[in-house]
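Coordinates in review
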Amino acid sequence: MKAVSWHVHGQLWVGNGRLALLLSDLKPQTETAVSLYLRFPFVTLGREEHIFPAFILDDWGNEIRGLKLYEWFAEFGEQFPRAEIFGYERNGEPTQCFARALEFYARLPLYVYTDRRAGVETGVLTEAILLPTPEITAPVQVKRPSDLVRPLSQARVTWWQIPSNASSFDFSLLAPPDPGI
């Protein structure tokens, strides 16, 4: 069983103990030295613990795997509260829970990994996505791009355009991302 991940190209920038993802390619064709892997855990009701999904088992025993499980959860999760999510807790322990135990409207935390095979416990929680933009000269916070799909469209991050030639980011500009709940 492997946690679902999304392959991108980019860099992790760190400042003041906070992280941002400089996104250079959302749909790369090959793995390279700048390959990163994004994982988006579901959030549990109440304690708001993170569950990294591997697959969903619906009420009829059908398995939903890969990134499409996020779309299925958004569309059918409330209709099928007994659907089971199999995956991992933040500490890497295997777990399973019913869909009814999860926050349906919470924004999904974003964890970044440098290795696709890395355990979920090695990921770093990321607060912002930086988009290199040639036309601008200073960082500017923007709304998330409208053409994104789940789970990235539901990520608990702030979005920033930065100059294409930027080599650093002022992390004091970051406010906490909206949790959606």
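Each chain carries its own residue numbering, running from 1 in the written order of its sequence. Predicted model: local features are reported for residues with pLDDT of at least 70 only, side-chain atom pairs are reported and counted for 80 or more only, and whole-chain, interface and lining totals are derived from all residues. Computation of side-chain values: all heavy atoms of the structure, hydrogens and water removed.

1. Topic: the sheet that holds strand β3 (residues 35-39)
If DSSP finds at least two bridges between two strands, the strands pair. Per the convention used, a helix needs a DSSP run of H or I reaching at least four residues, while a strand needs a run of E reaching at least two, with both numbered from the N terminus. Taken together, the eight strands give an open sheet; going across it, the order is β10-β9-β3-β1-β2-β11-β13-β12, and neighbouring strands pair in mixed fashion. Single-partner strands in this sheet number two, and they are β10 (124-126) and β12 (140-142). Recorded for the sheet is a direction-independent mean angle of 45 degrees between the axes of neighbouring strands. Across three bridges, strand β9 (residues 110-113) lies against β10 in antiparallel orientation. Each residue of the ladder has a partner; that of L110, found in β10, is T126. Axis definition: a line fit to C-alpha positions, over the contact stretch in the case of helices; interaxial angles, taken between N-to-C directions, run 0 to 180 degrees.

2. Some thoughts on the pairing of strand β5 (residues 50-57)
Of all the eight residues making up β5, seven are buried; the element is thus mostly covered by neighbouring parts of the structure. Judged from the two bridges that link them, strand β4 (residues 42-43) and β5 form a sheet pairing that is antiparallel. By the bridge assignment, V43 is partnered in β5 with H50. Here β4 hands over to β5 after six residues, with G46 in that stretch at a positive phi of 80 degrees. Strand direction decides the pairing type here: β5 and strand β7 (residues 84-89), joined by six bridges, are antiparallel. Within the sheet, the bridge partner assigned to P53 lies in β7 and is G87. The pairing of β5 with strand β6 (residues 63-65) spans three bridges and is classified as antiparallel. Looking across to β6, one finds that L57 is bridged to E63. Between the antiparallel neighbours β5 and β6 lie five residues, among them G61 with a positive phi of about 90 degrees. Only protein chains enter the accessibility calculation, which uses a 1.4 Å probe; a residue is then buried when its area is under 20% of its type maximum, exposed when over 50%, and partly exposed in between.

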